[in-house]
Protein chains: 2
Amino acid sequence: MLHKSNFRELCHQHQLAATHQRQVIYETVISLPGHPSPETIYEKVRRQIPSISLATVYKNIRTFLHRGMLREVSLHHGSLRVETNQKPHHHLVCVECKSIVDLDENRLEPLRLSQKVPRGFEVKRIAVDVLGICEACSAKRARRSKKS
Amino acid sequence: MLHKSNFRELCHQHQLAATHQRQVIYETVISLPGHPSPETIYEKVRRQIPSISLATVYKNIRTFLHRGMLREVSLHHGSLRVETNQKPHHHLVCVECKSIVDLDENRLEPLRLSQKVPRGFEVKRIAVDVLGICEACSAKRARRSKKS
DNA sequence: CTAGATGCAAACAGTTTGCGTCACT
DNA sequence: AGTGACGCAAACTGTTTGCATCTAG
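Residues numbered from 1 in each chain as written. Chains lettered and ligands numbered in written order. Predicted model: local features only at pLDDT ≥ 70, side-chain atom pairs only at ≥ 80, totals over all residues. Heavy atoms only, no water.

Asks: Can you help me understand the sheet that holds strand 2 (residues 100-104) of chain B in this one?
Replies: Sheet strands associate in pairs through backbone hydrogen bonding, adopting either a parallel or an antiparallel arrangement. The sheet built from 6 strands is open, its strands ordered 2(A)-1(A)-3(A)-3(B)-1(B)-2(B) with mixed pairing. Two strands bound the open sheet, and with one partner strand each, they are strand 2 (100-104) of chain A together with strand 2 of chain B. Recorded for the sheet is a direction-independent mean angle of 30 degrees between the axes of neighbouring strands. Pairing between strand 1 (residues 89-94) of chain B and strand 3 (residues 122-133) of chain B: 4 bridges, direction parallel. Residue C94(B) lies in a different strand from strand 3 of chain B, and its bridge partner there is G132(B). (Pairing = 2+ DSSP bridges. Helix = DSSP H or I, 4+ residues; strand = E, 2+ residues; numbered from the N terminus. Axes fitted to C-alpha atoms, helices over the stretch in contact; angles between N-to-C directions.)

Asks: Whenever I open this one, helix 4 (residues 54-67) of chain A confuses me. Can you help?
Replies: Every α-helix carries 3.6 residues per turn, so stepping three or four residues along brings you back to the same face. All names here are of chain A. Taking 1.5 Å of rise per residue, the 14 residues of helix 4 would be expected to cover 20 Å, and the 20 Å separating its terminal C-alpha atoms lies within 8% of that figure. Burial in helix 4 covers these residues: V57, N60, I61, T63, F64 and L65. On its buried side, helix 4 packs onto helix 2 (20-31) and helix 3 (38-48). Where helix 4 terminates, the next one or two residues include G68, which has phi positive at roughly 80 degrees. (Expected span 1.5 Å × (residues − 1). Buried < 20%, exposed > 50% of the residue type's maximum accessible area, 1.4 Å probe, protein only. Contact = heavy atoms within 4.5 Å.)

Asks: I keep staring at the protein's contact with DNA strand C and nothing clicks. Help me out?
Replies: Taken together, 22 residues are adjacent to DNA strand C, and T19(A), R22(A), L80(A), R8(B) and Y58(B) come closest. Counting only elements with at least two residues in the surface near DNA strand C, the list comes to helix 2 and helix 4 of chain A together with helix 4 (54-67) of chain B. In terms of residues, the surface near DNA strand C owes the most to one element, helix 4 of chain B, which gives 5 residues. Tallied by class, the residues present in the surface near DNA strand C amount to 9 nonpolar, 8 polar and 5 charged. (Near = heavy atom within 4 Å. Nonpolar A, V, L, I, M, F, W, Y, C, P; charged D, E, K, R; others polar.)

Asks: What should I look at first to understand the packing of aromatic side chains in this one?
Replies: Centre-to-centre distance and the angle between the planes together describe a pair of aromatic rings. All names here are of chain A. Using the criterion set out here, one finds 4 aromatic pairs over all chains in the structure. Judged by centre distance (5.7 Å) and plane angle (45 degrees), the rings of F7 and Y26 are tilted. Note that F7 is positioned in helix 1 (residues 4-13) and Y26 in helix 2, a separation of 19 residues in sequence. As far as the burial class goes, F7 and Y26 line up, both buried. Taken together, a centroid distance of 5.3 Å and an interplanar angle of 80 degrees make the contact between Y26 and F64 edge-to-face. Taken together, the residues span a long stretch of sequence, with Y26 in helix 2 and F64 in helix 4 at a distance of 38 residues. (Phe/Tyr/Trp six-rings, centres within 6.5 Å; stacked < 30°, edge-to-face > 60°.)

Asks: Looking at this model, I keep getting lost on the interface of chain B and chain A. Mind explaining?
Replies: Quite often, the size of an interface is put as the accessible area lost when its parts meet. Chain B puts 66 residues into the contact, and the matching count from chain A is 66 residues. Surface buried jointly by chain B and chain A totals about 6200 Å² across both partners, of which 58% is contributed by carbon and sulfur atoms. Broken down residue by residue, the surface that chain B buries against chain A is led by H35(B), L80(B) and R125(B), which jointly contribute 12%. Remark: the boundary between chain B and chain A carries 0 salt bridges. Linking chain B with chain A are 22 residue pairs in polar contact (both at pLDDT 80 or more). Residue assignment for the side of chain B that touches chain A shows that the elements contributing at least two residues are helix 2 (20-31), helix 3 (38-48), helix 4, strand 1, strand 2, strand 3 and helix 5 (135-147) of chain B. Broken down by element, the side of chain B that touches chain A gets its largest block of residues, 12 residues, from strand 3 of chain B. Looking at the side of chain B that touches chain A residue by residue, the class counts come to 33 nonpolar, 16 polar and 17 charged. Relative to strand 3 of chain B, strand 3 (residues 122-133) of chain A is paired through 11 bridges, and the arrangement is antiparallel. (Buried area = accessible area lost by both parts, 1.4 Å probe. Salt bridge = Lys/Arg side-chain N within 4 Å of Asp/Glu carboxyl O. Polar contact = N/O pair within 3.5 Å; in protein donor to acceptor, adjacent residues only side chain to side chain.)

Asks: How do you make sense of the protein's contact with DNA strand D when you look at a structure like this?
Replies: Around DNA strand D, the surrounding shell holds 22 residues, and the nearest of these are Y58(A), R62(A), T19(B), R22(B) and L80(B). For DNA strand D, the fraction of protein-proximal atoms (within 4 Å) that sit in sugar or phosphate groups is 76%. R8(A) places a polar side-chain atom, nitrogen or oxygen, 3.0 Å from a phosphate oxygen of DNA strand D. With respect to DNA strand D, the side chain of K59(A) contributes an N or O atom lying 3.4 Å from a base oxygen. Of all the secondary-structure elements, those providing two or more residues to the surface near DNA strand D are helix 4 of chain A together with helix 2 and helix 4 of chain B. Of all the elements, helix 4 of chain A adds the most residues to the surface near DNA strand D, at 5 residues.

Asks: What is the right way to read the relation of the copies chain B and chain A from this model?
Replies: Each of the two chain copies can be brought onto the other by rotation about an axis and movement along it. Of the transformation superimposing chain B on chain A, the axial component is 0.0 Å and the angular component is 180 degrees, with the fit at an RMSD of 0.1 Å. What the rotation and shift describe, once combined, is the action of a two-fold rotation axis. Within chain B, V128(B) has its C-alpha nearest the rotation axis, a separation of 2.3 Å. Taken together, the interface assignments show that 100% of the residues at the interface of chain B recur at the interface of chain A, consistent with an identical surface on both copies. (Least-squares fit on C-alpha atoms with pLDDT ≥ 70 in both.)

Printed below as a string of structure tokens:
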């Protein structure tokens, strides 16, 4: 549980208004186990603020993700994407524009599970995503901060 | 490019009818560069079969993915999922039911980029997904094959 | 006081489904 | 001939947006 003052400070750091909704959404997210969806978060937040709107939950989750106050489990690319590269490879993914570039497997250290995964889980393959900001997006970012 | 006979055989192996649409969709996918979406595939397939329906493209891509004839870039969980575990960790993901379990980072060999990623790409973090079939889904699978 | 946040409803994108017709085996 | 595939339109899910109202700073 986060003290009210802590949350206010966190918002201040990110230049966000410290609203009641915002705080409850944030605290609810970090209180939930696992990997909750916006719907799940909404259901729980509603118990504290029955009048809250699902759109507000969505808007704030987006805001938190953008500011890096929260992280999403794996990036959506807006639609299903099919792999056409048959060779073993991993992905270089831009968290800003979501572009995907293949990375030859030999560019990464060999990767092995050092311990057992939960018994009963049959491992098929290991996918590695190198996440970051691509050149085009860094350039955009630099331009933006120069302006302001 | 795949010979017609090869595709027929491939379909036969997977107990699928070798229809013209099926073949054109499959060949189009493997001919496209990068990580095409169903829309992109549809646009290109349409040049060869103008009367084809988007639903057919979706149905067949699903079929191919299920049979393992194609692979998707990264799994959708149906909705956005927020990370609540603050400790560094990776994910154990069931490709069947899409359940996600956290895996402590120390269960994996330390992972480093052994060579440079394309210059200009600023790496933020590396996400590792261990993909496979969870215990519950293997059980279901076993039951299914016993029945038939 | 004013920029930004909320709540609502409507719009939207991506995907799936139901069903009548058609084609592969 | 019969099972499964196709094409169409309608349904559905998850998410975003426009706008009027409200609130934090």
